[in-house]
Amino acid sequence: MKLVVQERGKGLAVSRLAGILLSLSVVIVFAFSVFSAQSVYAYCVQSKADNAAAEEACLEMREAVNILQDFLEEQSGDKSAKNGRGSKGLSALHLGVGKDFEVSVVADGEKRKFSVNSGTVGDLLKAAKLTVGENDRLNYKTDKLLKKGMTIKLERVTLELRTELVSVKYKTKRKKNKKMYRGEMYLETAGENGEREDIYIDILVDGKIERSERVVSRVKKRAVTEVIQTGTKKRVVQKGAVGVSGYNGLMAISELPAKIRFELDENGKPTKYKRKIVGSATAYYGGGITATGQAAMPGRVAVDPREIPYGSKLYVVSCDGRYVYGYCEASDTGGFIYNSPTVIDLYFHTLSECCSFGRRNVEIYVLE
């Protein structure tokens, strides 16, 4: 007997009602016949008769059961009853006889309601023309019997490959150089970021990513390690010199690694340089971005670009010997270039450091 499934709001045509009632009466009669024949056949099997006559009677009864069921299949136009014998299809208890009840199906972005009177989840999905894919999820097994108020949820699961390029940050290695003074730094090798290609499988449920799993990761470009040389040589300075706390000798205030190699003499001044400028220096702080687009920090100083071009590599010490600003670069400018004796404005971390430095004459060595 075909599973009776009626989507809400869709009734049977009145013109077919008489024919259906007539067919139903015939089906009921044969249904009872099948039930009776099956009961007798079951009794024959259970009795385990020893004589040949009893065994023959059982075989004849089984044949009668099959004939009756085949007739029911022809009347309904559906082979589900035949498939149900000895399988997980519709059984004799689900031949469409019973009171209708409501079942809901949620799939493909919509919720549909059906009026049924028997069957399994698989039967209803087939009647609703819904196919369950290999990766799709169903909240009930397909052989689960339908029950009143049941909501069947079918989730569409798809797998997609995705490639992502990831920047790999370079590492920094510091090397000690006993020929350089403490606080001095030299950039031996500039660091370069690498690049890695990651391949993911995205698991989408009803079109939305539920989770991602990385399945392949390969290096496209290896990162170049940054190598910085740092001085270890102790500087001998006069008493009262200003430097970084925690060291016995004077240390450079600049925190910028040197991008070129240079040497200092016994007095802590460059042995080779392009030109030397002596003039007034001031101090400033406050962070922000310099005129060359870099973050302000000790080592990036403000100049008059007409006198000292942006990007110039400098070495600055105070004329009184109390400050060694150290290696720095011309990166910023300021209002001091108009009607002011200031030649260079040195960046410090705090207001207190700026006040301590005040205004004083410095020696500016243009290295490059």
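Above this text is the structure in question.
Everything numeric in this text was worked out from a predicted model, so none of it was measured. (Residues numbered from 1 in each chain as written. Predicted model: local features only at pLDDT ≥ 70, side-chain atom pairs only at ≥ 80, totals over all residues. Heavy atoms only, no water.)

So, on to unusual backbone geometry. Across the chain, the bulk of peptide bonds are trans and the bulk of non-glycine residues have phi less than zero. Backbone geometry places lysine 129, a non-glycine residue, at a positive phi of 60°. Among the secondary structure elements, lysine 129 is positioned in the loop between helix H4 (121-127) and strand E4 (137-138). Looking at lysine 129, the relative accessible area reads 76%, which means it is exposed. Its identity as a non-glycine residue notwithstanding, aspartate 206 has a phi of 55°, on the positive side. Locating aspartate 206 in the fold gives a position in the loop between strand E9 (194-205) and strand E10 (208-221). Residue classification places aspartate 206 among the partly exposed positions, given a relative accessible area of 44%. (Helix = DSSP H or I, 4+ residues; strand = E, 2+ residues; numbered from the N terminus. Buried < 20%, exposed > 50% of the residue type's maximum accessible area, 1.4 Å probe, protein only.)

This next bit is on the environment of serine 340. Its place among the elements puts serine 340 in the loop between strand E15 (324-332) and strand E16 (342-347). With 60 residues separating them along the chain, serine 340 and serine 280 place their C-alpha atoms 9.5 Å apart.

Counting residues in each nonpolar core, the largest one holds 26 residues, and the members touching the most others are Val301, Leu314, Val316, Tyr325, Ile344 and Leu346. Elements represented by at least two residues in this core include exactly strand E12 (275-284), strand E13 (300-303), strand E14 (313-318), E15, E16, helix H5 (351-357) and strand E17 (360-366). For tyrosine 325, the contacting residues outside a window of four places in its chain are Ala252, Ile253, Ser254, Pro298, Gly299, Val301, Val316, Val317, Leu346, Tyr347 and Phe348. (Core = buried A, V, L, I, M, F, W, Y, C linked by side-chain atoms within 4.5 Å. Contact = heavy atoms within 4.5 Å.)

If you walk around this closed barrel you meet the six strands as E12-E16-E13-E15-E14-E17, and the pairing is mixed. Between one strand and the next, the sheet's axes are offset by a mean angle of 45°, whatever the strand orientation. Taken together, the five bridges between E12 and E16 define a ladder with parallel strand orientation. The residue of E16 that forms the bridge with threonine 282 is aspartate 345. (Pairing = 2+ DSSP bridges. Axes fitted to C-alpha atoms, helices over the stretch in contact; angles between N-to-C directions.)

Pairing in this open sheet of three strands is antiparallel, and the strands run E6-E9-E10 from one edge to the other. On the outer flanks of this sheet lie strand E6 (157-168) and E10, each paired with one strand and no other. Across the sheet, the mean angle separating the axes of adjacent strands is 20° when strand polarity is ignored. Relative to E10, E9 runs antiparallel, the two sharing 11 bridges. Residue pairing for E10: isoleucine 203 is matched across the bridge by arginine 211.

Right, let's get into the environment of glycine 207. Assignment of secondary structure puts glycine 207 in the loop between E9 and E10. It is 9.7 Å that separates the C-alpha atoms of glycine 207 and glutamate 155, two residues lying 52 residues apart in sequence.

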